[in-house]
Amino acid sequence: MTDDADGVEVEVEDAEDAVDEAADAGPSLAERVAEYDESLAEEVADVVSDRNELAETVEDLEAEVEDLTERLQRTQADFQNYKKRAKRKQEEVEARATEDLVERLLDVRDDLTRALDEESGDADSLREGVEMTKRELDRVFEAEGVAEIAPEPGTETDPHRHEVMLQVDGDEPEGTVAEVYRPGYEMGGKVLRAAQVTVSDGSGADESGD
């Protein structure tokens, strides 16, 4: 009984060693395992086959990762180049827009210079020249989409477009615009400078209501 048990134990140990060797040596060693247990040999062969397939899959994945990495690097480089080109383009557009505006303002400056150089002493003539220059400047502003912010008396104040200077006695409802102290300007929906206004305290409106 003891001899049989020892013999089985030896066979089991030999089979385990054979399985370990089969994992490294491949299907040829699986045939050697078959000498001990054919079903075990089949399992070893399946494991070795699965390992080989897995190795091939890993190689394919590594190649795919390398390809994706290279594509990503190329895409990043292309994007950086695009950003640089777009920035240069924007700078060129802004420079041309500024250049065009300055060219149109040169005529306005020339008109102001001529008005200052006027030595006739004719105040009416000087005033007329300044008014013409202002009209020319207004045309330049209009062409650029610049609009004046000059609210009428009684207009509700807008904190985004109006800067309240102080409150005064007025006939308009309390808190509304009484007078424009300095007009503001906006361009393309953006406020370049808020209009400075005074607001009514409503005292005149109360008196007229009585």
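In short, a report on the structure. (Residues numbered from 1 in each chain as written. Predicted model: local features only at pLDDT ≥ 70, side-chain atom pairs only at ≥ 80, totals over all residues. Heavy atoms only, no water.)

Looking at the overall build of the protein chain
For the protein chain, the count of helices and strands is five helices and six strands. Beginning at the N terminus, the succession of helices and strands in the protein chain can be written as α-α-α-α-β-β-β-β-β-β-α. Within the protein chain, buried positions represent 15% of all 210 residues. A total accessible area of about 15900 Å² is found for the protein chain, and carbon and sulfur atoms account for 49% of it. (Helix = DSSP H or I, 4+ residues; strand = E, 2+ residues; numbered from the N terminus. Buried < 20%, exposed > 50% of the residue type's maximum accessible area, 1.4 Å probe, protein only. Areas by Shrake-Rupley, 256 points an atom, 1.4 Å probe, with all protein chains shown as cover.)

Some remarks on the pattern of salt bridges
Throughout the structure, instances matching the rule amount to seven salt bridges. Where K134 meets D138, a salt bridge forms, and the shortest distance between an N and an O atom there is 3.2 Å. With K134 and D138 both in helix α4 (residues 123-143) and four residues apart, the pair spans about one turn of that helix. Here R139 makes a salt bridge to E136, at a shortest N to O gap of 2.4 Å. Separated by three residues within a single helix, R139 and E136 lie in helix α4, roughly one turn from each other. Three or more residues are tied together by salt bridges with common partners; here these are D100, R104 and E144. (Salt bridge = Lys/Arg side-chain N within 4 Å of Asp/Glu carboxyl O.)

As for the sheet that holds strand β1 (residues 146-149)
Pairing is antiparallel in the open sheet, where three strands are placed in the order β1-β4-β5. Each edge of the open sheet is held by one strand with a lone partner, namely β1 and β5 (190-193). Direction aside, the axes of adjacent strands within the sheet are offset by 35 degrees on average. Here strand β4 (residues 184-187) runs beside β5; their pairing, made up of three bridges, is antiparallel. Paired with Y185 across the two strands is R193, which belongs to β5. (Pairing = 2+ DSSP bridges. Axes fitted to C-alpha atoms, helices over the stretch in contact; angles between N-to-C directions.)

Quick look at α4
For α4, with 21 residues, the first-to-last C-alpha span of 30 Å sits near the 30 Å given by 1.5 Å per residue. Downstream of α4 by one or two residues, G145 has phi in the positive range, about 80 degrees. (Expected span 1.5 Å × (residues − 1).)

Some remarks on the sheet that holds strand β3 (residues 177-182)
Spatial ordering of the open sheet is given by β2-β6-β3, a layout of three strands whose pairing is mixed. Two strands in the sheet have a free side with no partner beyond their single neighbour: β2 (162-168) and β3. Within this sheet the neighbouring strands show an average axis-to-axis angle of 30 degrees, counted without direction. As judged from the four bridges shared by β3 and strand β6 (residues 195-200), these two strands associate in the antiparallel manner. Of the residues in β6, the one forming a bridge with V177 is V199.

Topic: a nonpolar patch on the surface
Taken together, M165, L166 and Y181 make up a surface patch of nonpolar side chains, about 330 Å² in accessible area. You can see L166 is positioned in strand β2. Note on L166: relative accessible area 46%, which makes it partly exposed. (Patch = residues over 30% accessible without salt bridge, like charges linked within 9 Å, V, L, I, M, F, W, Y side chains within 5 Å.)

A closer look at the pairing of β4
Where β1 meets β4, four bridges bridge the pair, whose relative direction is antiparallel. Among the inter-strand pairings, E148 is bridged to a residue of β4, identified as Y185. In textbook terms, the turn of a hairpin is the stretch between consecutive antiparallel strands, and for β4 and β5 this stretch comprises two residues, one of which, G188, has a positive phi near 60 degrees.

Some words on the side chain of T198
Along the chain, T198 falls in strand β6. A relative accessible area of 9% places T198 in the buried class. If near-sequence neighbours (up to four positions away) are discounted, T198 is found in contact with L166, V168, T176, V177, A178 and E179. (Contact = heavy atoms within 4.5 Å.)

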